[in-house]
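Spelled out from the first residue to the last, the chains are:
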Amino acid sequence: GELERAAEEFLGAFYAENPAEGAAEGAVAARSRQVREEIRRTGTYRHTAAELRFGARVAWRNSSRCIGRLYWRSLRVRDRRDVRAARDVAAECLAHLGEATGSGRIRPVVTVFAPDRPGEPGPRIWNDQLIRYAGYRRDGRTVVGDPQNIELTRTARALGWTGGRGTAFDVLPLVIETPGEPVRFFDVPGRAVLEVELTHPDFRWFAGLGLRWHAVPAVSDMTLEIGGISYPAAPFNGWYMGTEIGARDLGDEGRYDLLPRVAEGLGLDTSDEATLWRDRALVELNVAVLHSFRQAGVTITDHHTESRRFLAHVSKEESAGRTCPADWSWIVPPISGSATPVFHRLYNDRDLRPNYVRKARAHR
Ligand code: HEM
Ligand SMILES: N=C(Nc1cccc(CNC[C@@H]2CCCN2)c1)c1cccs1
């Protein structure tokens, strides 16, 4: 059936790219038979440690919306497939953050928790990222914090969380769902969250905005799919590209909506779109992010450098006889698109496996 075909395809790719693994006489045939037998007996099968490591790295290499794939081989894989209790999942997520953060030299890490098995789903993390700032709707209109996380904040408070101090940067708890237990929240202690206070190299008033952001982006709401097996909790982190924070997180109207305030600080005329006050505010916000992270010794990349790296990755893949799948609309940065080399070409977006996929989730 479906699972057998996906398993066969994955094992084929695994042995093709890791010839030493199949060097022993009949090793490949034996593994294929063993997997088919296990699927027949149990309806699923267990990856070896080597298959899991390869699968997690190739899933990153196949992530067509990711501009940061040049270093796909260096992904650190934390095999925690025997972890499924909510408190243990939470504890391993905090350990993940510790390993990923270093003291600012961020390392790409993925932690793989228990897979879905017939009759026993794996654990699920309801947060979309391990580190998220709470959002509070005040009097029907004004919002304090991150509007994107208003619903998750409500859910956490409904589960009993009282940790929020009502600031714009309260770190939310982890909300973990696992079979046989009620959905629970677990605080993320301050010591697990490296943050950078934002200042601007040329404008002293910028610090007065009181802005900060967390160092590590760690996506926790995607399912790692390898050879037909789904790992619904497989949080992965890299480092930020500055535009994510400077353009989207802090600049979007539906997020921290800071362009008018930055434009005001710059003394721009915001009454007329044609003064391009939004564009000037965006650039200075992004300058502040890159300057602050670099001054704090926290890994970050700018969209020009990262674009060049991505094109180096694309040509490396071509040389390896593979087509690098890419989604132009996500690869091209949200500011200065045409000033980056990734803008001036097209890509093939293909849905390859292994991959990190977003599946419909029980409403949090
Ligand atoms: C090491 C530095 C990395 C950088 C600078 C980077 C950069 C980015 C950026 C800017 C995006 C677009 C995000 C957005 O617009 O919201 C993205 C998407 C993505 N990245 Fe990377 N990335 C890195 C590492 C990784 C790693 C380690 C993984 C997985 C192991 C990964 C998997 C993905 C996936 C799956 C997406 C698409 C997410 C979605 O569809 O919502 N990236 N990356
Ligand atoms: N730098 C990163 N940024 C990133 C990567 C994937 C997904 C996300 C979150 N994207 C979701 C938001 C909300 C909709 C559009 N963007 C951020 C990384 C996160 C994890 C590894 S790298």
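Not measured: the values here are computed from a predicted model.

1. Side note on helix α4 (residues 86-101)
Then, in step 1: The end-to-end C-alpha distance of α4, which contains 16 residues, comes to 23 Å, matching closely the 22 Å that a straight helix rising 1.5 Å per residue would cover.
Then, in step 2: Among the residues of α4, those classed as buried are A86, V89, A90, E92, C93, H96, L97, A100 and T101. Down the axis of α4, the buried set is contained in an arc of 165 degrees. They therefore lie on one face.
Then, in step 3: Residue G102 follows α4 closely and has a positive phi angle near 55 degrees.

2. Quick look at the site of ligand 2
Then, in step 1: Contacts to ligand 2 come from Q129, Q148, P217, V219, F236, N237, G238, W239, Y240, E244 and W330.
Then, in step 2: Taking W239, its main chain carries an N or O atom lying 3.0 Å from a nitrogen atom of ligand 2.
Then, in step 3: Here ligand 2 has 520 Å² of accessible area as a free molecule, and 65% of this is covered by the chains.
Then, in step 4: For the shell around ligand 2, a count of residues per class yields six nonpolar, four polar and one charged.

3. Examining the site of ligand 1
Then, in step 1: In the neighbourhood of ligand 1, 19 residues make up the surrounding shell, with W60, R65, C66, F236 and R358 lying closest.
Then, in step 2: Between W60 and ligand 1, the recorded distance is 3.4 Å, taken from a side-chain N or O atom to a nitrogen atom.
Then, in step 3: One of the side-chain N or O atoms of R358 is found 2.7 Å from an oxygen atom in ligand 1.
Then, in step 4: Classifying every residue of the shell around ligand 1 gives eleven nonpolar, five polar and three charged.

4. Thoughts on the packing of helix α7 (residues 259-266) against helix α8 (residues 277-295)
Then, in step 1: One way to put it is that α7 packs onto α8 with a least axis distance of 9 Å and a crossing angle of 90 degrees. By the angle class used here, α7 and α8 are roughly perpendicular. Side by side, α7 and α8 meet where L259, P260, V262, A263 and L266 of the first sit next to W277, R278, R280, A281, L282, E284 and L285 of the second.
Then, in step 2: Per-class residue counts for the contact of α7 with α8 are nine nonpolar, no polar and three charged.

5. Regarding the coordination of the iron atom of ligand 1
Then, in step 1: Looking at the protein side alone, the iron atom of ligand 1 has one donor only, C66 (SG), at 2.4 Å.
Then, in step 2: Tracing the sequence through the fold places C66 in the loop between α3 (49-61) and β1 (76-79).

6. What to know about the packing of aromatic side chains
Then, in step 1: All chains considered together, the criterion is met by 14 aromatic pairs.
Then, in step 2: For the pair F14 and F54, a centre-to-centre distance of 5.5 Å together with 70 degrees between the ring planes defines the contact as edge-to-face. Of this pair, F14 sits in helix α1 (residues 2-17) while F54 sits in helix α3, and the two are 40 residues apart along the sequence. F54 carries the same exposure label as F14, and that label is buried.
Then, in step 3: The interplanar angle of 85 degrees and the centroid separation of 5.6 Å between the aromatic rings of W213 and Y256 together place this pair among those described as edge-to-face. Note that W213 is positioned in strand β9 (residues 212-214) and Y256 in the loop between α6 (242-249) and α7, a separation of 43 residues in sequence.
Then, in step 4: Y256 gets classed as buried once you look at its relative accessible area, which sits at 12%.
Then, in step 5: Looking at R61, its charged tip hangs above the ring of W72, at a distance of 4.7 Å from the centre.

7. Focus on a nonpolar patch on the surface
Then, in step 1: There is a patch of nonpolar side chains on the surface, built from W328, F343 and L346 and spanning about 300 Å² of accessible area.
Then, in step 2: Summarising the element assignment, F343 is placed in the loop between α10 (328-331) and β16 (355-357).
Then, in step 3: Here F343 falls in the partly exposed class, since its relative accessible area comes to 32%.

Cut-off values and rules
Residues numbered from 1 in each chain as written. Chains lettered and ligands numbered in written order. Predicted model: local features only at pLDDT ≥ 70, side-chain atom pairs only at ≥ 80, totals over all residues. Heavy atoms only, no water. Helix = DSSP H or I, 4+ residues; strand = E, 2+ residues; numbered from the N terminus. Expected span 1.5 Å × (residues − 1). Buried < 20%, exposed > 50% of the residue type's maximum accessible area, 1.4 Å probe, protein only. Arc of directions from axis to C-beta. Near = heavy atom within 4 Å. Polar contact = N/O pair within 3.5 Å; in protein donor to acceptor, adjacent residues only side chain to side chain. Areas by Shrake-Rupley, 256 points an atom, 1.4 Å probe, with all protein chains shown as cover. Nonpolar A, V, L, I, M, F, W, Y, C, P; charged D, E, K, R; others polar. Axes fitted to C-alpha atoms, helices over the stretch in contact; angles between N-to-C directions. Parallel < 35°, antiparallel > 145°, perpendicular 65-115°, else oblique. Contact = heavy atoms within 4.5 Å. Donors = N, O, S within 2.8 Å, 3.2 Å for Na, K, Ca; no water. Phe/Tyr/Trp six-rings, centres within 6.5 Å; stacked < 30°, edge-to-face > 60°. Lys NZ or Arg CZ within 6 Å of the ring centre and 35° of its normal. Patch = residues over 30% accessible without salt bridge, like charges linked within 9 Å, V, L, I, M, F, W, Y side chains within 5 Å. Salt bridge = Lys/Arg side-chain N within 4 Å of Asp/Glu carboxyl O.

Note that every value here comes from positions in space, so none of it alone points to a role or purpose.
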